[in-house]
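# Remarks on the overall topology
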Amino acid sequence: MKASLLGLCFLIANAASSVAAQQPATAPAPTTPPTKAEQEVLTLSKDKWRWMSEKKADTLAALFDDKAMFVHMGGAWGKTQEVEIIRSGGIHYKHAEIFESSARIIDSTAIVLSRIRLDAVIGGNEVTNPFMVTEVYVRQHGAWKLGSLSFTRLMGQ
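Residues numbered from 1 in each chain as written. Predicted model: local features only at pLDDT ≥ 70, side-chain atom pairs only at ≥ 80, totals over all residues. Heavy atoms only, no water.

What follows is about the sheet that holds strand E5 (residues 125–140). Spatial ordering of the open sheet is given by E2-E1-E6-E5-E4-E3, a layout of six strands whose pairing is mixed. Two strands lie at the open edges of the sheet, namely strand E2 (75–78) and strand E3 (91–106), each paired on one side alone. Between one strand axis and the next, the sheet turns by 20° as a mean value, whatever way the strands run. Examined bridge by bridge, strand E1 (residues 64–72) and E2 share four bridges and lie antiparallel to one another. Among the inter-strand pairings, phenylalanine 70 is bridged to a residue of E2, identified as tryptophan 77. Packed onto the sheet, helix H2 (residues 36–53) meets E3, strand E4 (109–122), E5 and strand E6 (143–153) and runs at close to 170° relative to E3. Sheet strands in contact with helix H4 (residues 79–88) are E1, E2 and E3, and its direction is about 70° off that of E1. (Pairing = 2+ DSSP bridges. Helix = DSSP H or I, 4+ residues; strand = E, 2+ residues; numbered from the N terminus. Axes fitted to C-alpha atoms, helices over the stretch in contact; angles between N-to-C directions. Contact = heavy atoms within 4.5 Å.)

Structure, rendered in structure tokens:
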């Protein structure tokens, strides 16, 4: 009986993950128009993508909190390494096509989810990947600072 139950659980889990893998990933659709603060963060996020494509390392350094963390397909690191990678061209974020974005604000923290297609040059190789990107901003002294930027590659896109 235990083996049958475990087998059934395994089949259900596999079926659920298979169905989930076939569903297109989307950022949660807001039920109402963005608030002024949400729109401010969405605009800042869009500006950040432009600054990344333009390799504006100093502008990005001012946006990134000193304790910020960056999660990529190849690893995770802090602000200093991210800024230097952008400055040196180790990663050139050529263009991010933003398909959809949403923002949620919790107290002094903003979470932005964006479904994008990123064209980049990494170590001299041009790549294009579909991502769901999670950005976490924290409001400090009246300004938003980026605390985390995380790329999750989307399958089947």
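Don't stop here, the text continues.
When you line up the elements, isoleucine 98 lands in strand E3. Isoleucine 98 sits 34 residues away from methionine 132 along the chain, and the two C-alpha atoms are 9.9 Å apart.

Here we come to the layout of surface pockets. Of the pockets and cavities examined, the largest pocket occupies roughly 220 Å³. The wall of the largest pocket is formed by 13 residues, among which His72, Met73, Ile91, Ile122 and Phe131 lie closest to the centre. Elements with a contribution of two residues or more to the lining of the largest pocket: E3, E4 and E5. In terms of residue class, the lining of the largest pocket is built from 10 nonpolar, three polar and no charged. (1 Å grid on protein atoms, 1.4 Å probe; cavity = no way out; pocket = protein on both sides within 12 Å on 5 of 7 lines; lining within 4 Å. Points joined across faces, edges and corners; volume = space filled by probe spheres on them. Nonpolar A, V, L, I, M, F, W, Y, C, P; charged D, E, K, R; others polar.)

Notably, aspartate 107 is not glycine yet its phi reads approximately 55°, a positive angle. Topologically, aspartate 107 is positioned in the loop between E3 and E4.

Looking now at the side chain of histidine 72. Take histidine 72: it is sitting in strand E1. Apart from the residues within four sequence positions on either side, histidine 72 is in contact with Trp77, Glu82, Ile91, Tyr93 and Phe151.

Scanning the model with the defined rule gives 11 salt bridges in all. Where lysine 48 meets glutamate 135, a salt bridge forms, and the shortest distance between an N and an O atom there is 3.5 Å. A residue pair is termed long-range when its members are at least 10 positions apart, and lysine 48 in helix H2 and glutamate 135 in strand E5 qualify at 87 residues. In this pair, the class of lysine 48 matches that of glutamate 135, namely buried. (Salt bridge = Lys/Arg side-chain N within 4 Å of Asp/Glu carboxyl O. Buried < 20%, exposed > 50% of the residue type's maximum accessible area, 1.4 Å probe, protein only.)

No statement about biological role is implied by the geometric values presented.
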